[in-house]
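Residues per chain are reported as follows:
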Amino acid sequence: MADNILDAFKNKAEDTAVTDGRKLKVGIIGTGWIADAHIVEYKKMPDVEIVAGADLVPGKAEAFFKKHGVENVRCYLSHKEMLDAEPDLDAVSICTYNRTHAECAIYSLKKGVNVLLEKPFTVTLDEAVEVCRAEKESGKIISIGFQPRLDPNMQMIKKIVESGELGQIYYIQTGGGRRHGIPTPFGTSFIEDETAGVGALGDIGCYSLDMVLNAIGYPKPLTVSGFKSDFFGKQEITYTRSGRPAEYAKKFSVDDFGAGFIRLEGGIVLDFRIAWDMHLDTPGDTIIMGTKGSLRIPSTECWNGSVGGPMKIYHDVAGEPTFTEIPILKDSVGCFYKKIRSFLDAVKTNGTAPVPTSQILYNQAIIDGIVKSAEIGHEIEVVIPEI
Ligand SMILES: NC(=O)c1ccc[n+]([C@@H]2O[C@H](COP(=O)([O-])OP(=O)(O)OC[C@H]3O[C@@H](n4cnc5c(N)ncnc54)[C@H](O)[C@@H]3O)[C@@H](O)[C@H]2O)c1
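The present account deals with the structure reproduced in this document.

## Side note on the overall build of the protein chain
Each helix and strand in the protein chain was counted, giving 13 helices and 15 strands. For the protein chain, the spread of C-alpha atoms along the three principal axes comes to 65 × 50 × 45 Å. Looking at the 387 residues of the protein chain, the share that counts as buried comes to 48%. Nonlocal contacts in the protein chain, meaning residues at least 24 apart in sequence, comprise 73% of its contacts between residues at least 6 apart.

Written out as structure tokens, the structure reads:
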């Protein structure tokens, strides 16, 4: 039985590529760490031609394409330079740090180019609204880089909720984090306000929120009571214990922990917490509580885009309390491949973005709400302007 389920997922994933003989001209904006994952997947796709790239650091884009053995790519020093000089682009991957997500996405859409934008959507809700407006005006597709939702186990969470097995959902607890895992892989772009704008909340918090909000159909957030802190990022030991420079502590200017209590449309409450660093293994499993059953999703020790073990549905059978274990589903294709493939297929078919801004706008509104509520010290109403 389990093998059949796995085969079904495998076949579905491998059959997705739309083969209409057309080659898509693609550009990559920002050629840092995550751009590696994009180009590796693009190179597997015979219907993609990478024609342009841009990075603010002189020589970085050229070195990136050379490292990946991709030739004849025209390189530029900013997204603007690239988009002005390349009128024939079909799509761009925006792999820049968070602070430049909105400006790169808006400029691309205004130039009539489809966008795959890395997560988090933006830094603020206002920026996200501006991107949604540019998308509406352009008629182009923008998809946000939330690859974990393409993991078969994540999709199973949504299937369980949609099947009605849990009844009416009324309470959700989600989040996650790392014991000691403030990201400084190639410098400080994740931990400085001027490049990142938001810390753990935006970096991995957006995934935890998407895991449950996507499952329940993305109800609108109504109110948020938020908290954020930065106790660990400002300490030298955080960096020196893993061989990183002590001076990173002075540059740390975002959150390393965030929490929120959110009321959602439909009477559901969401209790959320996320940590880049803490004295704890995990801040708890994700639970989705319903009137007929509740789902426990074991936490991972670090966000890895999937679940930390077999999920369990707790329910009554013949009036007796019991549980059903959901076996782990293996992913034979990889979420990153699916994230890029599903975006390109939507471009080719003029379809719907696989991770649409209409949903992620609510994800961003919650993160923005936590930041604002934490700053003023009490609950706030979430107000999302008309797009
Ligand atoms: N989906 C995932 O699994 C995943 C994983 C890691 C990072 N990310 C996201 O990807 C983004 C980039 O992260 P990273 O680790 O690659 O960062 P990075 O700092 O290594 O690279 C970002 C690059 O963008 C360039 N850049 C910034 N603004 C630009 C502009 N206007 N035009 C051209 N280049 C510009 C910078 O010079 C830098 O080289 C972040 O938003 C991060 O949250 C996603």
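## With respect to helix H3 (residues 60-67)
Listed in full, the buried residues belonging to H3 are Ala61, Phe64 and Phe65. Buried residues of H3, seen end-on, are gathered within an arc of 90° and therefore sit on one face of the element. Facing away from the buried side of H3 by more than 90 degrees, the exposed set consists of Lys66 and Lys67.

## A short note on unusual backbone geometry
Phi is mostly negative for residues that are not glycine, and the peptide bonds are mostly trans. That bond from lysine 119 to proline 120 is cis: its omega, -10°, falls within 30 degrees of zero. Residue position: proline 120 is located in the loop between strand E5 (114-117) and helix H6 (125-138). Here tyrosine 218, not a glycine, exhibits a phi torsion of approximately 50°, which is positive. Within the secondary structure, tyrosine 218 is located in the loop between helix H9 (205-215) and strand E8 (221-229). Residue classification places tyrosine 218 among the buried residues on the basis of 20 C-beta atoms within 10 Å.

## Some remarks on the environment of isoleucine 262
Along the chain, isoleucine 262 falls in strand E9 (residues 257-264). Under the C-beta neighbour-count criterion, isoleucine 262 is labelled buried, with 25 such atoms within 10 Å. Considering only alpha carbons, one finds isoleucine 262 and glycine 226, 36 residues apart in sequence, at a separation of 8.4 Å. Beyond its immediate stretch of four places on either side in the chain, isoleucine 262 contacts Pro221, Val224, Leu270, Phe272 and Ile366.

Reading the values: rules and limits
Residue positions within a chain follow its written sequence, with the count starting from 1. Totals for whole chains, interfaces and linings use all residues, but because this is a predicted model, local features are given only for residues with pLDDT of at least 70 and pairs of side-chain atoms are given and counted only at 80 or more. Helix and strand definitions follow DSSP, with helices as H or I runs of at least four residues and strands as E runs of at least two, each counted in order from the N terminus. To sort residues by exposure, count the other C-beta atoms lying within 10 Å of each residue's C-beta; 20 or more gives buried, 12 or fewer gives exposed, and values between give partly exposed, all with C-beta atoms placed from the backbone. We call two residues in contact if the C-beta atoms placed from their backbones are at most 7 Å apart. Read the arc as the range of directions from the helix axis to the C-beta atoms.

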